[in-house]
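# Fold and geometry: a report
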Amino acid sequence: MRHGLPIARPGQVVGLLGGSFDPAHAGHVHITRQALARFGLDRVWWLVSPGNPLKPRGPAALARRMARARALMDHPRVAVTDIEAWLGTRHTARTIAGLQRLYPGTRFVWLMGADNMAQFHRWEDWREIAARVPLGVIARPGDRIAARSAVAARVLARHRVAPQDARGLGRLDPPAWAFVNVPMHAASSTAIRDGGGWGAG
Ligand SMILES: Nc1ncnc2c1ncn2[C@@H]1O[C@H](COP(=O)(O)OP(=O)(O)OP(=O)(O)O)[C@@H](O)[C@H]1O
Ligand SMILES: O=C(O)c1ccc[n+]([C@@H]2O[C@H](COP(=O)([O-])O)[C@@H](O)[C@H]2O)c1
């Protein structure tokens, strides 16, 4: 897959890691590897966003972010994609609806760091997202408690899957979500931008 859509075989479980990736960093690579193992995923697709609808400042050019992400994420079961630009979506609910139409036999899991779980109730149609796909939430320094006490975590409390059962997450019918307390990685795009640029990972 270079440009356009990646291939998924029917029945595969594909984790979707949406992000600004402005720029991609070692934390993204770390959580991707953790997600493959802990959530029993066959594949992970990075969805490099045209722009987070909640972030006031637009990110760097998509082509530049894609190039950086592809240079960094080198794994046979991971694809770096610009699917949202291709679909013309930037709201996750619409992206997932589009992917489910395009890949009717594929099971998707939405992946996110604990910081995004804490904000999840502010996303457009977040309840629809939780009704469409299981959610795999990964620990992030400083945000573990916020994620587990988040509005969405409370609303979805009875659908939470124990961490030891998270490997089967992709085979469950939504709503279902799991929080996994993996070894954490402190990298962040903000820190890289504040540090003066995209030179370091
Ligand atoms: N170090 C990390 N640990 C856990 N999750 C992470 C980490 N870095 C990024 N993520 C998750 O990856 C996804 C995409 O993150 P994003 O591209 O916004 O990177 P970021 O470092 O959070 O960027 P920014 O600092 O600009 O907000 C989000 O779900 C985010 O929670
Ligand atoms: O759909 C929304 O309303 C929405 C609001 C905030 C963030 N998101 C998505 O969350 C993912 C992570 O965003 P970011 O900027 O934290 O990397 C990315 O795929 C965004 O499109 C989606």
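Residues numbered from 1 in each chain as written. Chains lettered and ligands numbered in written order. Predicted model: local features only at pLDDT ≥ 70, side-chain atom pairs only at ≥ 80, totals over all residues.

Under an unreviewed UniProt entry, the name given to the protein is Probable nicotinate-nucleotide adenylyltransferase, and the organism recorded is Jannaschia ovalis. According to the UniProt record, the Sequence similarities (unreviewed entry) comment for the protein is "Belongs to the NadD family." (UniProt positions renumbered as here; feature names shortened; annotations may be inferred.)

## A word on the pairing of strand 6 (residues 177-180)
Across the two faces of strand 6 the burial is the same, with W177 and F179 and A178 and V180 all buried. As paired elements, strand 5 (residues 135-138) and strand 6 share four bridges and run parallel to each other. Bridge pairing in strand 6 links V137 to F179. (Buried ≥ 20, exposed ≤ 12 C-beta atoms within 10 Å, placed from the backbone. Helix = DSSP H or I, 4+ residues; strand = E, 2+ residues; numbered from the N terminus. Pairing = 2+ DSSP bridges.)

## Details of helix 2 (residues 62-72)
For helix 2, the set of buried residues is R65, R68 and A69. One side of helix 2 holds all its buried residues, which, seen down the axis, span an arc of 100°. Opposite its buried face, helix 2 presents the exposed residues A63 and A71, each directed more than 90 degrees away. Where helix 2 is buried, its residues contact strand 2 (43-48) and strand 3 (78-81). (Arc of directions from axis to C-beta. Contact = placed C-beta atoms within 7 Å.)

## Description of unusual backbone geometry
Cis geometry is adopted by the peptide bond preceding P23, which originates at D22 and carries an omega value of 0°. Within the secondary structure, P23 is located in the loop between strand 1 (13-19) and helix 1 (26-38). Cis geometry is adopted by the peptide bond preceding P175, which originates at P174 and carries an omega value of 0°. In this structure, P175 sits in the loop between helix 8 (151-155) and strand 6. In the Ramachandran plot, F21 falls in the positive-phi region, its phi being about 45° despite a non-glycine side chain. With respect to the helices and strands, the residue F21 is situated in the loop between strand 1 and helix 1. The backbone phi angle of D125 is positive, close to 55°, even though this residue is not glycine. Take D125: it is sitting in the loop between helix 5 (114-119) and helix 6 (126-132). In this structure D125 comes out as partly exposed when scored by C-beta crowding, with 15 C-beta atoms within 10 Å.

## Some words on the site of ligand 1
Among the 19 residues in the neighbourhood of ligand 1, the closest are listed as G19, G27, G113, S189 and T190. A per-element tally of the shell around ligand 1 places helix 1 first, with three residues. The class makeup of the residues in the shell around ligand 1 is six nonpolar, 10 polar and three charged. (Near = placed C-beta within 6 Å. Nonpolar A, V, L, I, M, F, W, Y, C, P; charged D, E, K, R; others polar.)

## Brief notes about the nonpolar core
Within the largest apolar cluster, 52 residues are counted, with the highest numbers of intra-cluster contacts made by L16, W46, V109, W110, M117 and V137. In this structure, L16 is in contact with W45, L47, F108, V109, W110 and L111, ignoring residues within four places of it in sequence. (Core = buried A, V, L, I, M, F, W, Y, C linked by C-beta atoms within 7 Å.)

## Considering the pairing of strand 5
Every second residue of strand 5 is oriented toward a common face, with L135 and V137 on one face and G136 and I138 on the other, all of them buried. Inspection of the sheet shows strand 4 (residues 107-113) paired to strand 5 by four bridges, in the parallel sense. Its bridge partner lying in strand 5, G113 is registered against I138.

## Some thoughts on the site of ligand 2
Taken together, 16 residues surround ligand 2, and among them G18, G19, S20, N52 and W123 come closest. At the level of secondary structure, the elements contributing two or more residues to the shell around ligand 2 comprise strand 1 and helix 4 (92-102).

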